[in-house]
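Chain by chain, the residues run as shown.
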Amino acid sequence: MNTSQMKADGAVLTELAQAYGDEAKARELLESWRWPDGPVCPHCHNAGEKKLSKLEAQTTSRSRVRKGVYFCGACRRQFPVTVGTVLERSHVPLAKWLLALSLLCSSRNPSVPTKSTG
């Protein structure tokens, strides 16, 4: 890899970190990738026939609500965007996962020979 390629990759990572470094923005990006037409319950596959709602913390409630959790009116279960994925039980922030995934997707496999023109 030459120096200009490394600088270009670094610029892309910097832009990605600035745009999606916030957890809420990273979660919104994952939601748009996974559910382009709106949330779908991973448990019963309800896509809005019964009400799907995003849980918000109530001012009078003592219990905390995790950010980005949805509630399905059909099966009455809660789920975040990461359920059913490799990110489901991870304690690593989503913003760091996005950076890692972009590195994995943009890296070239050195063990695969390149086509030689000749």
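Structure: see above.
Now for a description of the structure that goes with this document. Along each chain, numbering runs from 1 in the same order as the chain's sequence is written. Since the coordinates come from a predicted model, pLDDT governs what is reported: local features require at least 70, and pairs of side-chain atoms require 80 or more to be given and counted, while whole-chain, interface and lining totals use all residues. Based on all heavy atoms of the structure, the side-chain values leave hydrogens and waters out of the count.

**Some words on the sheet that holds strand E1 (residues 52-54)**
- Only strands joined by at least two bridges in the DSSP assignment are considered to pair. For the purposes of this entry, the term helix denotes a DSSP run of H or I that reaches at least four residues, the term strand denotes a run of E that reaches at least two, and both are numbered from the N terminus. Strand order in the open sheet formed by three strands is E1-E2-E3, with antiparallel pairing between adjacent strands. With one partner strand each, in any of the chains shown, E1 and strand E3 (78-79) form the two edges of the open sheet.
- Here strand E2 (residues 70-72) runs beside E3; their pairing, made up of two bridges, is antiparallel. Looking across to E3, one finds that Phe71 is bridged to Gln78.

**Considering the side chain of Glu31**
- Topologically, Glu31 is positioned in helix H2 (residues 23-34).
- We call two residues in contact when some of their heavy atoms are within 4.5 Å. Those residues within four positions of Glu31 in sequence are excluded, and the remaining contacts are Pro36, Lys54, Gly68, Tyr70 and Val81.

**A few points about the environment of Ala100**
- Mapped onto the secondary structure, Ala100 falls in helix H3 (residues 94-106).
- Judged by relative accessible area, Ala100 falls into the partly exposed class, the value being 31%. Exposure categories follow from relative accessible area, calculated using a 1.4 Å probe and restricted to protein chains: below 20% of the type maximum is buried, above 50% is exposed, and the middle band is partly exposed.

**Some thoughts on the packing of aromatic side chains**
- Two aromatic rings, drawn from Phe, Tyr or Trp (for Trp, its six-membered ring), form a pair once their centres lie within 6.5 Å of each other, and the interplanar angle then sorts them: stacked below 30 degrees, edge-to-face above 60, tilted otherwise. Within this structure, the stated rule accounts for three aromatic pairs.
- Where Trp35 meets Phe79, the ring centres are 5.9 Å apart and the plane angle is 90°; that geometry is what we call edge-to-face. Placement of Trp35 in the loop between H2 and E1 and of Phe79 in strand E3 is noted, with a sequence separation of 44 residues between them.
- A relative accessible area of 0% means that Phe79 is categorised as buried.
- One aromatic cluster is present, built from ring pairs that chain together Trp35, Tyr70 and Phe79.

**Some remarks on the side chain of Thr82**
- Relative to the elements of secondary structure, Thr82 occurs in the loop between E3 and H3.
- In this structure Thr82 comes out as buried when scored by relative accessible area, which is 11%.
- If sequence neighbours within four positions are ignored, Thr82 has contacts with Arg34, Leu87, Glu88 and Leu94.

**Quick look at the packing of H2 against H3**
- Axis definition: a line fitted to C-alpha atoms, over the contacting stretch in the case of helices. Angles run 0 to 180 degrees between N-to-C directions. Interhelical geometry of H2 versus H3 gives an angle of 55° and a closest axis separation of 8 Å. Comparing the axis directions of H2 and H3 gives the class oblique. Of the residues in H3, those in contact with Glu23, Ala26, Arg27, Leu29, Leu30 and Trp33 of H2 are Leu94, Ala95 and Leu98.
- A breakdown of the residues in the contact of H2 with H3 according to their chemical character gives seven nonpolar, no polar and two charged. Note on terminology: angles under 35 degrees are roughly parallel, angles over 145 are roughly antiparallel, angles of 65 to 115 are roughly perpendicular, and the others are oblique. When residues are grouped by polarity, Ala, Val, Leu, Ile, Met, Phe, Trp, Tyr, Cys and Pro land in nonpolar, Asp, Glu, Lys and Arg in charged, and all others, Gly among them, in polar.

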